[in-house]
Amino acid sequence: MTRQSGPSPGGYDPRPFQDPPSATGRGDPRRVPEHFPGVSHHEPIGLRRRLELNRMGTFDWDLDRGFMDLDPGALEVFDLRADEYDGAPLSLAARVPPEEGMRLDAAVSQALQEGGSSYGAYFRVRCRDGTPRWAHSQGRILHDEDGLPYRIIGIVREASGELADSALLRSLQQERQRQTVMVQQTTAALSRALSVADVTRVLTGIGGARRFGADGLVLGLASGDRFEIIAVAGMDGEVPEEMRSSPLDDTLPLSEAAASRRPAFLGTRGELIARYPRLRPYSHLLPTGSASFLPLIAQDTVIGALGLFSAEPSVQSTEAKNLALALAGVVAQSLQRATLFDQEREFATGLQATMLPRRVPPISGGEVTVRYHPASVGRDIGGDWYDVIALPQGRTGLVVGDVQGHDTHAAAVMGQLRIALRAYATEGHSPETVLVRASRFLAELETERFATCTYIQADLDSGALHVARAGHLGPLVCDSARHIDWPEIRGGLPLGVATAFGHDHFPETQLFLEPGSTLLLCTDGLVEQPGRDISAGIDALTAAFRTGPADLEALADRLAAQLWAEPGSEDDLALLLLHRLASPGAATTPRLRLHVHQADPSGTAEVRSALRRTLDQWRAGEVTHNVEVAASELIANALTHTESGALVSVELVPGTPRRIRLEVEDRSSSWPRRRSPGETATSGRGLMLVEALADRWGAEPRGSGKALWCEFAVPEVTVKAGVGVVS
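Residues numbered from 1 in each chain as written. Predicted model: local features only at pLDDT ≥ 70, side-chain atom pairs only at ≥ 80, totals over all residues. Heavy atoms only, no water.

1. Let's talk about the nonpolar core
Residues Leu 435, Leu 495, Leu 576, Leu 578 and Leu 662 are the most contacted members of the largest nonpolar core, which totals 82 residues. Once residues lying within four places of it in the same chain are set aside, the contact partners of Leu 495 are Leu 417, Leu 435, Ala 438, Ser 439, Leu 442, Phe 450, Ala 451, Cys 453, Ala 470 and Phe 506. (Core = buried A, V, L, I, M, F, W, Y, C linked by side-chain atoms within 4.5 Å. Buried < 20%, exposed > 50% of the residue type's maximum accessible area, 1.4 Å probe, protein only. Contact = heavy atoms within 4.5 Å.)

Pasting the structure below:
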C-alpha cells in the first residue's frame, strides 16, 4: 500500500516507497505515547540533546585527580541530581549496588592492567524509587608517552530496553532457572530425609555440594556451648580431629556463624585465613575460592551452621547470598525435624527393647542366638518379637512372631501377647494348646490387630521338635552337610483371627533336629522386599544360609546384613537360630523324622513329600520311588492295624554302598503278619510290596511298641562336568 497524498512538508516525496506494516493492520503508523517538551519539529538539535534523547550521557574521568565529570545526560542515567554528585566516583554508590560496582571496577581494572585502549561493561542501577535499571558504560582510555593511562573519556547509557532480548538477559534468566532448580532439588532431597543421618547423606552424597552451587561443604551442629562438625564433602582431606569439636565462639567461621546468628561471605581463601588465624595450619585443606558460612536457624533456635566452599574466588551477588540463606533455612528445618525424629525413634525402639527378653537362657545340648532390628526407615516401631523359654523336663520353647502394624500400639500388643504366650508355655502345655490359648487371649484384648507366630517345643537330648504354626513362616533346617530343608508344617489362621472365625486349631508337626544341625525361625522382614515375590526372598535366604559362616553369631549377623540391612527393608526383623551340638567324637548321620497322627488323613502325603525332598538332597536317584512306596505301605499298616500314630524315621547309612534305612514305629505290641491275599483281596499286600522293593526288611521291639524297618542300597553317583551319573 502506498501513500496517495502529495509531497511531505519537508520537500521529499515518499510516494515511490512502501510504508512499513503497522501494528494495527490498518496501515496507520505506530503511535508512540512519549512526548519530549521543548523539542520542535524542524529546528536543529545539538549533540548533547541528541544524547539525552537516547538516554545517554558522557563522562570525563581524570585518573590522576580521581575526578569524574558527568554531564546531565549521564546524571539522568544514574537518576542523580546535580547536587547529589560531587565528582568523586564513590558518590555513585548511592545508585550502584556494591556487587555491581565491583563488576564495573573489575572491567576497568582489567583493561588498565592489560594496557587496553577501551573497556565496556553492563551493570545495574538502583533508581531513586527502588526500581532496577540496566546501564552500559563504554570508555576510551588515553595513555601518555610512557604508556601510562591518565584519562578515560566515555559514554554511559540506559540499556534496559536493549537487554530485553539480549544474550545477557537470557543468561540471567538461565541463572534464575538454575537457582530455582537448585532450590527444588535440595528441597525434594531433604523432604525424604527422616533422620540426621539421612540429612547428612543428602548433603554429602553425589551432587550434594553442587545442589548449593558449591564445590565443597562442611556441616556442624550446635549443642550447648559446643560446636560439632558432623559432615564433610568435596574437601581435599578430612577435618582434623582437634577442629571437629570446638567452643561456640568467634575463633572459627562455623562456630561464629552459629554463635552470632549472622552469615559471613568471603571472596578468597586469603580473606578467610586473615579473618580466622586458627585456620592457617590447615590452609592446604581449604579451597582457594570464596566461602560462605551460614547459621542454621529454625523456629528461632540455632541448630548449627553450614559452610559452602568454591574453587574460584568471587564476589557473591545479592541474589547468590539470598539463595544461600534460603537453602540454609531449608537445611535448618530438615535438621530440626530429623533431630526430633531421632529422639522419637530412640524412645520407641527403647520402649520395644524393654518388651523383648533381656537374656536368653542357656540350653543343654545346644546353643541359640537371637537378633532384633527395627525397621530401617520410618519412625514407627513394629510388633516383631522372639522368645526363648525354659520348659519343664529340660525342654525349651522357641517363639518368633509378628503383630500386625508398625506403631506403638502394635508394640504394646506384642508385649502383652509375648508375656501371655510365655506363661502358657511355661505351664507345660503342648504347642497346639499354647497357640489356642494365645489366640483367645489376643481376641479378648478387643484390639483389631492379629498376630502370626511359630512355636516350637524342643527336646535337644533326643532332637525331637514339636512345631505349631499360626499363619507364620515355618522353620528352616540345615544339617551338618549344609543340606537345606523347609519342612512342610501344617498351620492354622493367625492368632486372634482364628478365634474370631471359630477355627482356633493349630495342628502339631513333629520334626527331629539331628546333631550338628541348625534351625532358623524369622519374621517376614528377612524374606520380603517391596515389589519382590516372597519366594525370591526365601530362595535368597536358603542360599545365604547354605554359604554362611558356621559360627552361630556370625551367621546371624551375616543374614541380617545381607538380606535385611543392605536392601534397606521397610519392615522390622526378628531372627532366632538354634543349633544342636554334635556328640563328641561321633560322626553325624543324616536323618529325617516325622510324626503322622492317627486321625490325620493327609499325613502320609506330607511324609512322602518330605521324603522326596530329603532323598533328592541325598542323591538317592531311582531308589527314591521305592522308599516312598514302602513308607506309604508301612504308615498305612500302622494307622490301620494299631490305635496309635506312626513315627517315621529315615537315615542315610554310610558305607559301600550307601544305604537308606526306613523305620516306621508304632505303640502296638502286635507283631506284623505276612499274608498271601487272593486276586480279589483289597488288603494284605503291604508287606509283600515292602519285601519286593527293599533289599532287606524286618521288625524290632521298641519300648511299648515295635518298629518295622527296611533298607535300600543307593547306587553310587559320580560327577562329570557338573552332572550326576549313576554308575
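2. Some remarks on the confidence of the model for the chain
Low-pLDDT stretches of the model should not have their predicted coordinates read in fine detail. This prediction gives the chain a mean pLDDT of 82; 85% of its residues lie at or above 70. When the elements of the chain are averaged for pLDDT, strand β29 (residues 723-726) gives the smallest value, 43, and strand β21 (residues 518-522) the largest, 96. For the stretch residues 1-27, pLDDT sits under 50, and the model shows 15 contacts to residues farther than four places along the chain or on other chains. Every residue in residues 718-727 scores below 50 in pLDDT, and together they form eleven contacts with partners more than four places removed in sequence or on other chains. (pLDDT = per-residue confidence, 0-100. Helix = DSSP H or I, 4+ residues; strand = E, 2+ residues; numbered from the N terminus.)

3. Let's talk about unusual backbone geometry
Omega for the peptide link from Thr 656 to Pro 657 comes to -5°, which places this bond in the cis form. Although it is not a glycine, Arg 261 adopts a positive phi angle of roughly 65°. Here Arg 261 is to be found in the loop between α7 (253-260) and β9 (264-266). You will see that Asp 300, though not glycine, has its phi angle at about 65°, which is positive.

4. Describing the sheet that holds β9
If you walk across this open sheet you meet the six strands as β8-β7-β6-β11-β10-β9, and the pairing is antiparallel. Here the strands that pair on one side only, and so sit at the sheet edges, are β8 (245-247) and β9. On average, each strand axis in the sheet is tilted by 25° relative to the strand beside it, whichever way the strands run. Where strand β7 (residues 226-233) lies against β8, three bridges are found, and the strand directions are antiparallel. Note that in β8 the partner of Glu 228 across the bridge is Ser 245. (Pairing = 2+ DSSP bridges. Axes fitted to C-alpha atoms, helices over the stretch in contact; angles between N-to-C directions.)

5. Observations concerning the packing of aromatic side chains
On inspection of all chains with the given rule, the structure shows two aromatic pairs. Seen from their ring centres, Phe 78 and Phe 123 are 6.0 Å apart, and the 25° between their planes marks the pair as stacked. With Phe 78 in the loop between α2 (72-77) and α3 (98-113) and Phe 123 in strand β3 (residues 118-126), this residue pair connects regions lying 45 residues apart in the sequence. Aromatic side chains Phe 293 and Phe 309 sit 5.6 Å apart centroid to centroid with 80° between the ring planes, which places their arrangement in the edge-to-face category. Taken together, the residues span a long stretch of sequence, with Phe 293 in strand β10 (residues 291-298) and Phe 309 in strand β11 (residues 301-309) at a distance of 16 residues. In terms of burial, Phe 293 and Phe 309 fall into one category: buried. (Phe/Tyr/Trp six-rings, centres within 6.5 Å; stacked < 30°, edge-to-face > 60°.)

6. Describing α7
An α-helical segment advances 3.6 residues per turn. Residues three or four places apart therefore align on the same side. Burial runs high along α7: six of the eight residues are buried. The complete set of buried residues in α7 reads Pro 253, Leu 254, Ser 255, Glu 256, Ala 257 and Ala 258.

7. Description of the packing of helix α10 (residues 408-426) against helix α11 (residues 431-444)
Closest axis-to-axis distance for the α10/α11 pair is 9 Å, and the angle between their directions is 145°. The hand of the α10/α11 crossing is right-handed. Together, Val 413, Gln 416, Leu 417, Ala 420, Leu 421, Tyr 424 and Ala 425 of α10 and Val 434, Leu 435, Arg 437, Ala 438, Phe 441 and Leu 442 of α11 make up the contact between the two elements. Among the residues forming the contact of α10 with α11, the class breakdown is eleven nonpolar, one polar and one charged. (Left-handed = near helix turned anticlockwise from the far one by under 90°. Nonpolar A, V, L, I, M, F, W, Y, C, P; charged D, E, K, R; others polar.)

8. Some thoughts on the pairing of strand β23 (residues 591-596)
A regular strand places its side chains so that they alternate between the two faces of the sheet. Of the two faces of β23, only the one carrying Leu 592, Leu 594 and Val 596 is buried; Arg 591, Arg 593 and His 595 on the other face are not. Alignment of β23 against strand β24 (residues 646-653), held across six bridges, turns out to be antiparallel. Residue pairing in the sheet places Leu 594 in a bridge with Val 648 of β24.

9. Notes on the packing of helix α13 (residues 534-547) against helix α14 (residues 552-565)
Relative orientation of the contacting elements α13 and α14 amounts to 145°, with a least axis distance of 10 Å. For the pair α13 and α14, the sense of crossing is right-handed. Each of Ala 540, Leu 541, Ala 544, Phe 545 and Thr 547 in α13 lies in contact with α14, whose residues at this interface are Leu 555, Arg 558, Leu 559, Gln 562 and Leu 563. Its residues assigned to classes, the contact of α13 with α14 comprises seven nonpolar, two polar and one charged.

10. Topic: the pairing of strand β13 (residues 383-390)
Counting buried positions along β13 gives seven out of eight residues, so the element sits mostly inside the fold. Taken together, the eight bridges between β13 and strand β14 (residues 396-403) define a ladder with antiparallel strand orientation. Its bridge partner lying in β14, Gly 383 is registered against Val 403.

11. Some details on α14
Compared with the 20 Å implied by 1.5 Å per residue over 14 residues, the 18 Å span of α14 between its first and last C-alpha is a close match. Where α14 is concerned, the buried positions are Leu 552, Leu 555, Ala 556, Leu 559, Ala 560, Leu 563 and Trp 564. Along the axis of α14, the buried residues cluster in a sector spanning 130°; they form a single face. Its buried side turned inward, α14 meets β12 (366-373), β21, α13 and β22 (573-580). You can read the cap of α14 off the contacts: a side-chain oxygen lies 3.2 Å from the backbone nitrogen of Glu 553, and it is on Asp 551. (Expected span 1.5 Å × (residues − 1). Arc of directions from axis to C-beta. Polar contact = N/O pair within 3.5 Å; in protein donor to acceptor, adjacent residues only side chain to side chain.)

12. Considering the sheet that holds β22
The five strands lie next to each other as β12-β22-β21-β17-β18, forming an open sheet whose pairing is antiparallel. Of all the strands in the sheet, the pair left with one neighbour each is β12 and β18 (484-485). Note that strand β17 (residues 476-478) and β21 share three bridges and pair antiparallel. The residue bridging Cys 478 from the neighbouring strand is Thr 518, located in β21. Packing of α14 onto the sheet brings it into contact with β12, β21 and β22, and relative to β12 it is tilted by some 30°.

13. Some thoughts on empty space enclosed by the protein
Inspection of the entire model under this criterion finds three cavities of 30 Å³ or more. Its boundaries defined by the atoms lining it, the largest cavity holds a volume of some 310 Å³. Looking at which element gives the most residues to the lining of the largest cavity, the answer is α7, with three residues. Split into classes, the residues belonging to the lining of the largest cavity amount to 17 nonpolar, three polar and two charged. Empty space within the second largest cavity amounts to approximately 210 Å³. Lining the second largest cavity we find 17 residues, and of these Val 477, Asp 485, Phe 512, Arg 591 and Leu 592 sit closest to its centre. (1 Å grid on protein atoms, 1.4 Å probe; cavity = no way out; pocket = protein on both sides within 12 Å on 5 of 7 lines; lining within 4 Å. Points joined across faces, edges and corners; volume = space filled by probe spheres on them.)

14. Topic: the pattern of salt bridges
Two side chains bearing opposite charge may form a pair once their charged atoms approach each other closely. Taken as a whole, this structure holds 28 salt bridges when the rule is applied. Between Arg 55 and Glu 158 there is a salt bridge; the shortest N-O distance is 3.5 Å. Taken together, the residues Arg 55 in the loop between α1 (47-53) and β1 (56-62) and Glu 158 in strand β5 (residues 149-158) connect sequence positions 103 residues apart. A salt bridge links Arg 103 to Glu 100, with the shortest nitrogen-to-oxygen separation between them at 3.0 Å. In this pair, Arg 103 and Glu 100 are both assigned in helix α3, three residues apart and thus about one turn of the helix distant. (Salt bridge = Lys/Arg side-chain N within 4 Å of Asp/Glu carboxyl O.)

15. Remarks on the environment of Arg 673
Along the polypeptide, Arg 673 turns up in the loop between β25 (658-666) and α17 (686-693). Arg 673 sits 14 residues away from Leu 687 along the chain, and the two C-alpha atoms are 8.4 Å apart.

16. As for the side chain of Gln 336
With respect to the secondary-structure elements, Gln 336 resides in helix α9 (residues 318-355). Contacts of Gln 336, omitting those with residues within four sequence positions, involve Ala 298, Gln 299 and Ile 303.

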